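# Secondary and tertiary structure notes
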Amino acid sequence: MAFPASSDLVLGPFTGGVTPTFDTPALREALAGVADRLRAADAQVLSRTGDLVVRVTLGGHDVVVKSFTPRGALRDAAARRQGSPARRSWQHAIALRARGVGTPAPVAFLERWANGRLAESYYVSVYEAGRVGFREELIRLFRHDPTCWKLMNLLQVVADAVRGLHDAGLRHGGVGNENVLLRATGDGAGGDVQFVDLNRARIQDGPLAAADRAFDVSRLYLPSDLLRVFKEMYFGQRPPVDFERIEQRLRRRFDWHSRSRAWRHPLRERARARTRDPATTYPPPEDIWI
């Protein structure tokens, strides 16, 4: 896929790219000082889980900057071949919007290499007010408004969006509940779904095969029979046997990966547990009543 010519700019200490519709001298100057802007008093931290995500104004635009945490040497070597996470996020966002799939408008990406290592990388997109995550909305319904028809509305909206993503030839690669944003209306029927965290996406011509569809669906969390309902909404009927077999195998593998996080990253997981607000987590499955 061809990308805009302004994808190898020098912006202060960084190389990067700017989407042509946003490319102005003021924005380029602001991007060159992005590291300082993220520490400014008016910067709003949206997430510190893994990578840092901050809302800030750059060049007159209200944007979200994702600052990718430095990776290990093997990942840096892969980034040399495939592009940094920030570059891939920018390219994939352009591709999604070109194919009619929702994602916040991509503004720019920045990267700085030092001694063969990726020292800094940033992805910049437009901030859109009034959006909530699929995860956040599910938790709200489970804990405060467990009404069946509202939950069914929400599942249908997301199932249709994920199906549209796949039919457009795009595998997200990490489409967890937190990476699906929508405009909540209180009745679960909010639409205009957008996908974020695109650095692991893969793009092809034509709809995806069953294995790629199953890979994405296996990353979505839905307790009990809600998963079956979601998959039937996705297909408009009972899922094909080959899809079900692959999805269940991938889900078991991903579940083990999630459960093992506590011993793979003990310090980080203990810190998260100390600061976690129970009201912002899923209730135990046995406590969910619809």
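Please refer to the structure higher up on the page.
Residues numbered from 1 in each chain as written. Predicted model: local features only at pLDDT ≥ 70, side-chain atom pairs only at ≥ 80, totals over all residues. Heavy atoms only, no water.

## So, the sheet that holds strand β1 (residues 9-11)
Let me state the cut-off plainly: Two strands pair under a simple rule: DSSP has to find at least two bridges between them. A run of DSSP states H or I qualifies as a helix once it reaches four residues; a run of E qualifies as a strand once it reaches two. Both are numbered from the N-terminal end. Every axis in this analysis is a line fitted to C-alpha atoms, fitted for helices over the stretch in contact. Angles between the N-to-C directions lie between 0 and 180 degrees.
With antiparallel pairing, 7 strands are arranged side by side in an open sheet as β1-β2-β6-β7-β5-β4-β3. Either end of the sheet is taken by a strand with one partner, and the two such strands are β1 and β3 (44-47). For this sheet the average axis-to-axis angle between neighbouring strands, irrespective of direction, equals 30°. Summarising the sheet, β3 and strand β4 (residues 52-58) pair through 3 bridges and their orientation is antiparallel. The partner of S47 across the bridge, within β4, is V53.

## A short note on the nonpolar core
Formally: The definition of a nonpolar core used throughout is a set of buried Ala, Val, Leu, Ile, Met, Phe, Trp, Tyr and Cys residues joined through side-chain atoms within 4.5 Å. Type-normalised accessible area, obtained with a 1.4 Å probe on protein chains alone, sets the label of each residue: buried when under 20%, exposed when over 50%, and partly exposed for intermediate values. Note on contacts: a residue pair qualifies if any of its non-hydrogen atoms lie within 4.5 Å across the two residues.
Of all hydrophobic cores here, the largest spans 49 residues; its most connected members are F134, L138, L155, F195, L222 and F230. Every element with two or more residues in this core is listed here: α4 (85-98), α5 (134-144), α6 (148-167), β10 (180-182), α7 (210-217), α8 (226-235) and α9 (241-259). With 9 residues, α6 is the single largest residue contributor to this core. In contact with L222, other than residues within four places in its own chain, are F134, L138, L155, L227 and F230.

## Let's talk about the sheet that holds strand β11 (residues 194-195)
Taken in spatial order, the 3 strands line up as β8-β10-β11 in an open sheet, and their pairing is antiparallel. Sheet topology places β8 (132-133) and β11 at the edges, where each strand pairs with a single neighbour. Pairing between β10 and β11: 2 bridges, direction antiparallel. When the sheet's bridge partners are listed, L181 is paired in β11 with Q194.

## Comments concerning helix α1 (residues 25-32)
To keep things clear, this is the line we draw: The directions considered for the arc are those from the helix axis to the C-beta atoms.
Those residues of α1 not exposed but buried are L27, A30 and L31. One side of α1 holds all its buried residues, which, seen down the axis, span an arc of 100°. Away from its buried face, by an angle of more than 90 degrees, α1 presents the exposed residues P25 and E29.

Interpretation note: all reported values are geometric properties and have no functional meaning in isolation.
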